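Below are the chains, spelled out letter by letter.
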Amino acid sequence: MLVLAAGAGAEASVDGVAVEDFIRLHVLANDDGEAAQALKLEVRDACLMCTRALLKDCPDADAAWAIVKDNLNLIELAALLRARVCGWEGAVSAEAGVFDFPDRRYGEVEVPAGAYRAVRVVIGGGAGHNWWCVLFPSLCLGEDCAPGEPVKFHSAVLDWLCGLLGGAA
């Protein structure tokens, strides 16, 4: 991963993608209860697996955004299926749009607060603590993963879904 940061007033970039062009992921839990927060992380993993497969050969942020929007139903379905496997019977929805995000640090990369293109996944009422990361370029790290270390996910549900739709996970 290439991280560039210049002096004051200059924009940072990762792998040639300017920070303002990042595409984000935002997952909102139903509530702050232990089960809802655990479910949020399961849904996050399903969304990351799906988007990583969709964006693995993506050349730039605009192409990534088009792919995300064109496959929003697949991202939502992956999130919903994971929630169902985990026993959640409530609503799970996904939307693509421009949303406000706070300052965040991902390893060596500081992503300033602002409005970013993003996928927002809401579980139930979406009233609990949330989780966010950068989908493109991928800066999403698991809790036990060091920056720069590749994150590997596996899901039998996603394998099944991709097989149904003729793709590969």
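The text that follows walks through the structure, step by step, so that each part is easy to find. (Residues numbered from 1 in each chain as written. Predicted model: local features only at pLDDT ≥ 70, side-chain atom pairs only at ≥ 80, totals over all residues. Heavy atoms only, no water.)

### Let's talk about the overall build of the protein
Alright, step 1. Counting its regular elements, the protein contains 4 helices and 9 strands.
Alright, step 2. In the protein, the succession of helices and strands from N to C terminus is β-β-β-β-α-α-α-β-β-β-β-β-α.
Alright, step 3. A sequence separation of at least 24 residues applies to 68% of the contacts in the protein between residues at least 6 apart.
Alright, step 4. Carbon and sulfur atoms make up 53% of the accessible area of the protein, which amounts to about 8700 Å² in all. (Helix = DSSP H or I, 4+ residues; strand = E, 2+ residues; numbered from the N terminus. Contact = heavy atoms within 4.5 Å. Areas by Shrake-Rupley, 256 points an atom, 1.4 Å probe, with all protein chains shown as cover.)

### Focus: the packing of aromatic side chains
Alright, step 1. Applying the stated criterion across every chain yields a total of 1 aromatic pair.
Alright, step 2. We note Arg24 situated over the ring of Tyr116; from NZ or CZ to the ring centre the distance is 4.8 Å.
Alright, step 3. Positioned over the ring face of Trp131 is Arg44, at 4.9 Å from the centre of the ring. (Phe/Tyr/Trp six-rings, centres within 6.5 Å; stacked < 30°, edge-to-face > 60°. Lys NZ or Arg CZ within 6 Å of the ring centre and 35° of its normal.)

### Comments concerning the packing of helix H1 (residues 34–55) against helix H3 (residues 72–85)
The description of two helices packed together rests on the angle between their axes and the distance between the axes.
Alright, step 1. Closest axis-to-axis distance for the H1/H3 pair is 8 Å, and the angle between their directions is 145°. Considering only the axes of H1 and H3, their crossing is right-handed. Contacts between H1 and H3 pair Leu39, Glu42, Val43, Asp45, Ala46, Cys47, Met49, Cys50, Thr51 and Leu54 from the former with Leu74, Ile75, Ala78, Ala79, Arg82 and Ala83 from the latter.
Alright, step 2. When the residues that make up the contact of H1 with H3 are grouped by side-chain class, the tally is 12 nonpolar, 1 polar and 3 charged. (Axes fitted to C-alpha atoms, helices over the stretch in contact; angles between N-to-C directions. Left-handed = near helix turned anticlockwise from the far one by under 90°. Nonpolar A, V, L, I, M, F, W, Y, C, P; charged D, E, K, R; others polar.)

### Remarks on the nonpolar core
Alright, step 1. Residues Phe22, Leu25, Val43, Val111, Val119, Val121 and Phe136 are the most contacted members of the largest nonpolar core, which totals 44 residues.
Alright, step 2. Not counting the four nearest positions on each side in its chain, Val111 is found in contact with Val19, Phe22, Arg24, Pro102, Asp103, Arg104, Tyr106, Tyr116 and Val134. (Core = buried A, V, L, I, M, F, W, Y, C linked by side-chain atoms within 4.5 Å. Buried < 20%, exposed > 50% of the residue type's maximum accessible area, 1.4 Å probe, protein only.)

### Let's talk about the sheet that holds strand S5 (residues 92–101)
Alright, step 1. Taken in spatial order, the 4 strands line up as S5-S8-S4-S9 in an open sheet, and their pairing is mixed. Since the sheet does not close on itself, it has two edges, and those belong to S5 and strand S9 (130–136), each with one partner. Strand-to-strand twist of the sheet, defined as the mean angle between neighbouring strand axes without regard to direction, takes the value 25°.
Alright, step 2. Those strands touched by H1 are strand S4 (23–28), strand S8 (114–123) and S9, and its axis lies near 10° from that of S9.
Alright, step 3. With respect to the sheet, H3 is in contact with S5 and S8, its orientation differing from that of S5 by roughly 120°. (Pairing = 2+ DSSP bridges.)

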